[in-house]
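# Structure at a glance
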Amino acid sequence: MITYNSDGIRMPNIKKRETTAWIKAVAASYGRKIGEIGYLFVSDDRILEVNKEYLGHDYFTDIITFGYDEGETISGDIVISLDTVRSNAEQYGKEYDEELHRVIIHGILHLCGINDKGPGEREIMEEAENRALAMR
């Protein structure tokens with residue numbers, strides 16, 4: 001089951017049924033099933049609090065993914081700053097909706113085992129994001 005909630009910010013205008021079906025299809029393309037996924041949309045201030053409290057990082061980010069996977073079933077909590085999504089869309093010349101969906105699927109890709117911090121991993125993640133967006 002996938003849930004979508006917001007905390008202190010207006011819920012983004014996403015088509016939940018279509019987005020859920022898309023997320024399931026992307027996960028399936030990696031041989032994974034969806035368990036319990038909880039999306040929480042927040043402000044920059046709130047994601048900074050989460051980043052400090054749980055990860056010890058004192059900086060803003062667009063997404064934080066907490067994974068609770070069990071075998072081929074992926075579960076997790078995904079916190080997304082809509083403020084950063086909006087500023088990233090402007091900075092990269094993308095539509096807000098496209099950037100939002102890129103970040104939504106970014107968390108799922110992390111849960112599927114794709115990383116983006118090591119050498120060459122960012123390019124692999126971007127390629128995976130692009131493939132996933134093409135499935136929408």
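Look a little higher up for the structure.
Below: a short report on this structure. Fair warning: this is a prediction, and the values are worked out from it, not measured in the lab.

## As for the sheet that holds strand β4 (residues 73-81)
Strand pairing within a sheet occurs via backbone hydrogen bonds; the two strands may be parallel or antiparallel. Taken together, the four strands give an open sheet; going across it, the order is β1-β2-β4-β3, and neighbouring strands pair in mixed fashion. Of all the strands in the sheet, just β1 (2-6) and β3 (63-67) have a single pairing partner and so form its edges. Each adjacent strand pair in this sheet contributes to an overall mean axis angle of 15°, direction not counted. Both β1 and strand β2 (residues 33-42) contribute to a ladder of five bridges, which runs parallel. Its bridge partner lying in β2, T3 is registered against G38. Set on the sheet, helix α1 (residues 16-29) makes contact with β1, β2 and β4; between it and β1 the angle comes to about 130°. Across the face of the sheet, helix α3 (residues 82-92) comes into contact with β2 and β4 while running at roughly 75° to β4.

## Regarding the environment of G76
With respect to the element layout, G76 can be found in strand β4. Separated by 17 residues in sequence, G76 and G93 place their C-alpha atoms 30 Å apart.

## Some words on the packing of aromatic side chains
On inspection of all chains with the given rule, the structure shows three aromatic pairs. On the numbers, 5.5 Å between centres and 5° between planes, the contact of Y4 with Y39 is stacked. Highlighted residues: Y4 in strand β1 and Y39 in strand β2, separated in sequence by 35 residues. For Y4, a relative accessible area of 9% gives the class buried.

The rules behind each value
Residues numbered from 1 in each chain as written. Predicted model: local features only at pLDDT ≥ 70, side-chain atom pairs only at ≥ 80, totals over all residues. Heavy atoms only, no water. Pairing = 2+ DSSP bridges. Helix = DSSP H or I, 4+ residues; strand = E, 2+ residues; numbered from the N terminus. Axes fitted to C-alpha atoms, helices over the stretch in contact; angles between N-to-C directions. Contact = heavy atoms within 4.5 Å. Phe/Tyr/Trp six-rings, centres within 6.5 Å; stacked < 30°, edge-to-face > 60°. Buried < 20%, exposed > 50% of the residue type's maximum accessible area, 1.4 Å probe, protein only.

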